[in-house]
Amino acid sequence: MSKSYKINTKIFIGFLALLALIILTIPLQAHHNNLHFSFLSNDTVPVSLSNANDTTTPIKKIDTIKQTIIDTLVISKDSLDAPVKYSAADSGVLIISTKQFILYGSAQTTYKDMELMAGTIEYEQEKQTIKAKGSSDTSENSLKKTKFKQGEMTTLSDSIAYNLKTQKGITYNTYYQEGELFVNAGKLKKTDSNIVYAYRGSFTTCNLDTPHFAFRTKKMKIINNKIGVSGPAHPEFEGVPIPLYIPFGIYPLSTGRKSGILPPTFTSSEDFGLGLENMGYYKVINDNVDVTTRANIYTYGGWSINANSKYIKRYKYAGSLNIAFQRNKTLNRTTTKSQNEFTTSSSYMINWSHSRDNKARPGTNFSANVNFGSTRFNENILNNPYQNFNNQLSSSIAYSKNWNGKYNLSLNINHNQNNNTHLVNLSLPNASFSAITFYPFQKIETIGTPKWYEKIGIGYNGNFQNRISFYDTAFSTHKLLDTLQWGAEHSIPITLSLPSLGPVTIAPSISFQQRWFGQKILRHWDTNDSTVKINTQKGFFTQSNMSMGINASTRIFGTYQFKKGKVKAIRHEVRPTFGLTYTPDFASKNFYNVQVDTSGRTMRFSEFDGNIYGSYSEGNFGGINFGIDNLLEMKVRDTKDSSAEDKKIKLIDGFGFNSNYNLLADSFALGNFNLYVRSTLFQKISITANAVLDPYEVDKFGRRINSLMIKQGKLGRITSGSLAISTNFQSKSNDGKDNEQSTGELPHDPFLTPEEQQRQLDYIRQNPAEYTDFNIPWQLNLSYSLSFSKVLKPDYSGYRTEVFSSINFNGDFSLAPKWKVGATGYYDVKNLELQQFSMFISREMHCWQLSVNITPVGLWRSFNIIISPKSGILRDLKINRNRTFSNQ
């Protein structure tokens with residue numbers, strides 16, 4: 001027999017006050033928002049007062065309530081140490097005798113950092129336990145699972161039992177996510193806020209409800225934000241188990257840096273044998289420094305080791321140091337009796353980069369970019385065609401200081417080497433000092449219009465260099481000192497700022513220069529050997545120069561309007577320049593004639609040819625400098641929207657020429673014409689071209705003759721020039737969003753040095769299939785370069801033309817929504833030879849990826865196939881096949 005009561009909402013607030021005095025052991029917060037019921041109607045709320053057998057008991061008498069008031073001053077031992085916020089869409093049932101509270105219908109409770117949502121939530125105060133289960137339909141099918149969240153941990157379960165005091169709990173049929181890892185367990189036990197045990201579970205990095213793959217295990221332990229450990233496990237794909245077991249699994253879940261072993265990959269090469277590559281160890285020394293060590297080892301006896309250390313101190317400096325050694329032992333496949341079976345070589349490479357934050361010491365800066373090593377190092381790097389064809393190495397270490405913007409000092413150490421010629425040049429130290437233009441006649445306080453002489457400005461620029469050159473194949477300390485050169489250059493420019501004469505700007509100037517040399521080069525004809533001999537004389541030598549002039553410039557505009565059509569107008573801007581310059585002859589005394597062949601033919605040389613700073617030109621120059629620059633733009637109407645703003649399109653960014661005419665010269669008065677053009681056609685095709693036009697004729701030996709070619713109806717001879725054309729095209733993205741054209745560059749990361757970003761970019765270029773954008777159906781990038789110049793032959797018999805021409809291409813297209821094919825290459829137009837070519841095939845498999853990279857042309861031919869998960873925690877769980885062959 002049971003009875004139930006309906007309490008009117010008008011007396012509900014008073015009832016709650018009495019209920020707070022009766023229930024000693026239920027902690028309630030004074031604020032009414034922390035305790036509320038969800039109503040079924042506007043005037044009543046169902047409340048049941050029951051015993052443990054759910055038998056309704058009448059409300060206690062008033063005298064009992066009075067006795068309870070005295071006890072409310074005592075806090076129960078089983079009270080919670082924080083308020084509980086709860087709500088329910090259906091109803092809340094309070095059972096006083098058993099100290100239970102039950103919420104029905106989309107129930108939700110919040111306690112500290114724990115949040116629980118379920119169909120039904122039951123709270124027992126004496127045990128401080130919460131039991132929750134999801135809702136189901138009449139067929140017992142789950143409609144909504146129980147959701148539990150604490151901190152960064154979230155679980156979905158059929159049912160949950162949890163102790164608020166010990167923070168221990170158990171759940172059934174639970175879905176749990178920790179970082180990139182998704183876990184489904186038949187039973188999940190939580191021992192504290194950080195540790196979870198799973199029984200008969202599966203784990204995967206696929207985020208689908210029915211994952212493409214998973215690993216099944218009987219037992220597993222997960223430590224929040226640290227590690228996951230499993231017992232014996234086997235994979236399954238699309239729900240089909242694979243009879244391939246691993247004895248245990250360790251899955252790092254931490255997001256910070258941790259020291260650990262770097263697993264290797266297996267490779268095979270006809271030249272090196274079988275090998276293990278990229279095995280190593282990563283060590284975190286402290287918060288500012290770490291070290292990565294990797295090694296390759298091959299069965300023929302070759303090996304390599306690489307140590308890379310990165311360091312960073314926020315707001316101070318950042319950098320990296322990389323040291324690599326190679327010991328190559330390759331098989332000679334065309335061995336003769338006089339040759340060894342293997343070829344052995346050693347090489348090394350040192351890379352150091354350093355940069356200092358500008359805020360660390362305002363006014364000073366220090367940076368380093370060092371790349372120094374053996375000339376054959378790049379040739380012996382496997383599966384990296386970009387490095388194989390990189391024949392130039394350069395380094396720079398720089399320090400600069402600024403004195404309040406008035407003076408600047410720069411100290412540099414530079415290095416460059418050519419891997420083809422084996423020539424190494426070292427410049428150390430180099431110094432540069434400059435003083436910005438100051439006005440000595442300017443008054444401290446200007447009153448009224450300043451005088452013309454107050455605008456006279458004087459500046460200073462000075463440079464000092466040392467250079468040592470040697471061949472790394474024939475290094476010798478004695479020869480090294482013989483190649484030592486030094487030089488300096490000083491310049492004092494004097495300028496005068498004059499007001500504009502209407503649209504014309506006038507700028508007079510005077511400049512004094514002087515160069516210091518550490519040696520002279522004297523050539524003479526040796527009648528015994530019939531050759532030109534060269535003698536070098538060490539010492540201190542100077543050469544001076546001076547120039548003065550006045551220049552004028554203006555801008556002229558012209559517009560042609562179109563009344564009809566899409567084109568509204570074409571605008572032409574002309575920027576002519578004109579100047580008068582005088583340069584006295586201070587350098588003729590350093591020039592001389594030398595016989596160069598048995599016929600008695602002579603050529604003119606300077607004593608300072610071959611120095612760091614070359615000689616000034618001989619002869620007086622008093623003449624005219626002139627040039628014209630042009631800009632061509634088009635304005636286009638919007639035919640669809642007449643209110644829209646017209647669009648400006650640059651047809652030609654700049655085209656023109658400049659030259660000079662020497663009024664004092666008795667021969668070759670007209671100077672060479674420098675021609676140039678720059679344009680971006682249709683905002684797609686970038687074109688840059690320049691050339692040097694010589695207006696004079698030459699004889700059969702290529703020597704200039706004082707006769708203008710215009711007399712023969714020709715403008716002149718093109719002696720040198722270059723042309724660069726590049727373009728890129730891509731389709732619209734599949735999602736309909738605009739995508740920026742790929743530039744092949746990485747986003748700027750302030751905590752990565754440029755060299756580290758370049759290495760990342762190199763890896764992407766080596767493995768394009770792993771970085772494929774399936775959102776772009778196709779894209780194509782093309783570039784063409786051409787350069788040519790005339791150089792003097794070594795025997796002085798004339799000039800020869802050197803031409804370099806190449807085509808670079810890369811692109812990809814989608815065979816299907818999940819398949820993509822691409823290629824990249826370099827074609828030498830001069831030699832009509834494909835120097836480098838590689839292609840890739842990529843398959844997108846949601847949580848996995850398949851990539852095939854093939855390089856059939858290059859110094860090294862190779863292919864590799866990789867199947868691996870996309871998740872970072874399973875990146876070492878991959879199937880790969882690598883093969884490398886030599887073309888050398």
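Heads up: these notes are all about the structure in this document. (Residues numbered from 1 in each chain as written. Predicted model: local features only at pLDDT ≥ 70, side-chain atom pairs only at ≥ 80, totals over all residues. Heavy atoms only, no water.)

A closer look at the overall build of the protein chain
This is how the line gets drawn: A run of H or I in DSSP becomes a helix once it reaches four residues, and a run of E becomes a strand once it reaches two; helices and strands are each numbered from the N terminus. Under the convention used here, a 1.4 Å probe and the Shrake-Rupley method define accessible areas, while residue burial counts only the protein chains that appear.
Scanning the protein chain from terminus to terminus reveals five helices and 53 strands. Summing over all exposed atoms, the protein chain offers an accessible surface of approximately 51,900 Å²; the carbon and sulfur share of this is 57%.

Quick look at the side chain of aspartate 597
Note the threshold: Only protein chains enter the accessibility calculation, which uses a 1.4 Å probe; a residue whose area is less than 20% of its type maximum is buried, one above 50% is exposed, and one in between is partly exposed. Pairs of N or O atoms within 3.5 Å make up the polar contacts considered here, provided that, within protein, one atom can donate a hydrogen while the other can accept it, and that residues adjacent in sequence are counted only when both atoms are side-chain atoms.
Tracing the chain through its elements places aspartate 597 in the loop between strand 38 (591-595) and strand 39 (602-606). Judged by relative accessible area, which is 17%, aspartate 597 ranks as buried. Of note is the side chain of aspartate 597, whose polar atom sits 3.0 Å from the side chain of arginine 601.

Overview of the pairing of strand 28 (residues 364-373)
Stated formally: Note: two strands are recorded as paired if DSSP finds a minimum of 2 bridges between them.
Where strand 27 (residues 342-356) meets strand 28, seven bridges bridge the pair, whose relative direction is antiparallel. The residue bridging isoleucine 350 from the neighbouring strand is phenylalanine 372, located in strand 28.

Concerning the pattern of salt bridges
The condition is simple: Only one rule defines a salt bridge in this text: a Lys or Arg side-chain nitrogen within 4 Å of an Asp or Glu carboxyl oxygen.
Taken as a whole and judged by the stated rule, the model has 22 salt bridges. As a salt-bridge pair, lysine 145 and aspartate 158 come within 2.5 Å of each other at their nearest N and O atoms. Residue lysine 145 is found in the loop between strand 9 (142-144) and strand 10 (146-150), and its partner aspartate 158 is found in the loop between strand 11 (153-157) and strand 12 (159-163); the two are separated by 13 residues along the sequence. Between arginine 571 and glutamate 633 there is a salt bridge; the shortest N-O distance is 2.9 Å.

Here's the deal with empty space enclosed by the protein
Our working rule: Using only the protein atoms, space was sampled on a 1 Å grid; points where a 1.4 Å probe fits but cannot get out form cavities, open sets with protein on both sides within 12 Å along at least five of seven lines form pockets, and lining residues are those with an atom within 4 Å of a point. Grid points are joined across faces, edges and corners, and a volume is the space filled by probe spheres set on the points. Basically, the charged four are Asp, Glu, Lys and Arg, the nonpolar ten are Ala, Val, Leu, Ile, Met, Phe, Trp, Tyr, Cys and Pro, and anything else, Gly included, counts as polar.
With the rule as written, the count across this model stands at five cavities of 30 Å³ or more. When its volume is computed, the largest cavity comes out at roughly 90 Å³. Every residue lining the largest cavity is listed: Phe148, Met153, Thr155, Ile160, Tyr162, Gly169, Ile170, Thr171, Leu188, Lys189, Lys190 and Val196. For the lining of the largest cavity, the secondary structure elements donating two or more residues are strand 11, strand 12, strand 13 (169-178) and strand 14 (181-190). Class assignment for the residues of the lining of the largest cavity results in seven nonpolar, three polar and two charged.

Examining unusual backbone geometry
Look at the link from leucine 428 to proline 429: it is a cis peptide, with omega at -15°. Tracing the backbone through its elements, the reader meets proline 429 in strand 31 (residues 423-438). In the Ramachandran plot, serine 106 falls in the positive-phi region, its phi being about 45° despite a non-glycine side chain. Positionally, serine 106 belongs in strand 5 (residues 100-111). Its relative accessible area of 48% is what places serine 106 among the partly exposed residues. Notably, serine 530 is not glycine yet its phi reads approximately 55°, a positive angle. Considering the arrangement of structural elements, one finds serine 530 in the loop between strand 34 (505-526) and strand 35 (531-553).

Digging into the packing of aromatic side chains
Where we set the bar: Think of it this way: a Phe, Tyr or Trp ring, Trp meaning its six-membered ring, pairs with another when their centres are within 6.5 Å, and the plane angle makes it stacked under 30 degrees, edge-to-face over 60, tilted otherwise.
Scanning the entire structure with this criterion turns up 25 aromatic pairs. Note on tyrosine 348 and phenylalanine 372: the rings are 6.4 Å apart at their centroids and 50° apart in plane angle, and the pair reads as tilted. Of this pair, tyrosine 348 sits in strand 27 while phenylalanine 372 sits in strand 28, placing them 24 residues apart in sequence. Looking at tyrosine 348, the relative accessible area reads 30%, which means it is partly exposed. Phenylalanine 372 gets classed as partly exposed once you look at its relative accessible area, which sits at 27%.

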